[in-house]
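The chain contents come next:
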Amino acid sequence: MSGALSFIEPTEEHARLLLDWRTRPDIADQMLTRVPDDVERQKAWLRRSKERDDYVHRILCVDGVPAGHVSITITEPAWRIATIGVLMGERAGRIGAAPLNFAYMLNHVFFTLGLRKVVNHILGTNSPRLLKGQPLIGYRPVGVLTRQVVKDGREIDLHIFEMLAEDWLAVRGRFGVYQDMDGREWHG
């Protein structure tokens, strides 16, 4: 069983680790975008990310050891809508308590950032378990854009899910996580 979860802000020192995860074929296949294996470019991206006010990201750690990367992108600032992204680079990020990372992220979205909605796009190449699990977390399936994404000559379905702040409030008690990604407690 996996241990304690924590989240740390990525620095340029994490560039190689993030890039290794992001370019690994099994992970790259599940992502909407591809990145070149260029550590200097990755460092520049990390520097730019620090300056953005529409993007929050952290390295997910299990028992203090980096296991994945999570992000929140505010896609519609005026409407207070975001999307979240999760990349699990290590097995520890996929077992035990680590899959509860979404609860910390959703607390961050709805309480820390004060947003009202999350809309996520998930490639059909992801695990069927991931897709089936979205409603259990509180997401509502919006629909499927058939053969929407083309990667390496393959046409891939894009599944869309949404959640409002009140949806999260209605279900979050079952997960028992009241902290955001920075450890702030949010009750109520």
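Residues numbered from 1 in each chain as written. Predicted model: local features only at pLDDT ≥ 70, side-chain atom pairs only at ≥ 80, totals over all residues. Heavy atoms only, no water.

What follows concerns the nonpolar core. Generally speaking, nonpolar side chains in soluble globular proteins are found buried as a group. Counting 33 residues, the largest nonpolar core has Ile-72, Leu-106, Phe-110, Tyr-139, Trp-168 and Met-181 as the members making the most contacts within it. Considering every element that reaches this core, the biggest residue donor is helix H4 (residues 101-112), with 7 residues. Setting aside chain neighbours within four positions, we find Tyr-139 in contact with Ile-84, Leu-106, Val-118, Asn-120, Gln-134, Phe-161, Glu-162 and Met-163. By size, the runner-up hydrophobic cluster in this structure holds 9 residues, among which are Ala-15, Ile-27, Leu-46 and Ile-59. (Core = buried A, V, L, I, M, F, W, Y, C linked by side-chain atoms within 4.5 Å. Buried < 20%, exposed > 50% of the residue type's maximum accessible area, 1.4 Å probe, protein only. Helix = DSSP H or I, 4+ residues; strand = E, 2+ residues; numbered from the N terminus. Contact = heavy atoms within 4.5 Å.)

Inspection of the secondary structure puts Thr-23 in helix H1 (residues 15-23). What makes Thr-23 partly exposed here is its relative accessible area of 26%. Residues Thr-23 and Val-35 lie 12 residues apart in sequence; the distance between their C-alpha atoms is 6.9 Å. Residues contacting Thr-23, with those up to four places away along its chain left out, are Val-35, Pro-36 and Asp-37. Within the structure, the side chain of Thr-23 is placed 2.7 Å from the backbone oxygen of Leu-19, a separation counted as a polar contact. (Polar contact = N/O pair within 3.5 Å; in protein donor to acceptor, adjacent residues only side chain to side chain.)

Our focus in this paragraph is the packing of aromatic side chains. Inspection of the entire model under this criterion finds 6 aromatic pairs. Measuring from ring centre to ring centre gives 5.3 Å for Phe-7 and Tyr-104, while their planes differ by 50°; the resulting arrangement is tilted. With Phe-7 in strand S1 (residues 5-8) and Tyr-104 in helix H4, the pair connects residues that are 97 residues apart, well separated along the chain. Relative accessible area serves as the criterion here: at 11%, Phe-7 is assigned to the buried category. Its relative accessible area of 14% is what places Tyr-104 among the buried residues. Taken together, the ring pairs in this structure connect Phe-102, Trp-168 and Phe-175 into an aromatic cluster. (Phe/Tyr/Trp six-rings, centres within 6.5 Å; stacked < 30°, edge-to-face > 60°.)

Within the element layout of this structure, Glu-162 appears in strand S7 (residues 154-164). Assessed through its relative accessible area of 19%, Glu-162 is described here as buried. For Glu-162, the side chain forms a polar contact with the side chain of Lys-117, separated by 2.8 Å. Contact partners of Glu-162, with chain neighbours within four places excluded, come to Lys-117, Val-118, Val-119, Gly-138, Tyr-139, Arg-140 and Val-142.

Turning next to unusual backbone geometry. The backbone of Arg-80 sits at a positive phi, close to 60°, despite the residue not being glycine. Examined against the element boundaries, Arg-80 turns out to sit in the loop between strand S3 (65-76) and strand S4 (81-88).

Looking now at the pattern of salt bridges. Summed over the entire model, instances satisfying the criterion amount to 15 salt bridges. As a salt-bridge pair, Asp-152 and Arg-34 come within 2.4 Å of each other at their nearest N and O atoms. A residue pair is termed long-range when its members are at least 10 positions apart, and Asp-152 in the loop between strand S6 (140-151) and S7 and Arg-34 in the loop between helix H2 (25-28) and helix H3 (39-51) qualify at 118 residues. Residue Glu-162 pairs with Arg-140 through a salt bridge whose shortest N-O separation is 3.2 Å. Of this pair, Glu-162 sits in strand S7 while Arg-140 is found in strand S6, placing the two residues 22 residues apart along the sequence. Given a relative accessible area of 32%, Arg-140 falls into the partly exposed group. Where salt bridges share partners, they join Arg-58, Asp-180, Asp-182 and Arg-184 into one cluster. (Salt bridge = Lys/Arg side-chain N within 4 Å of Asp/Glu carboxyl O.)

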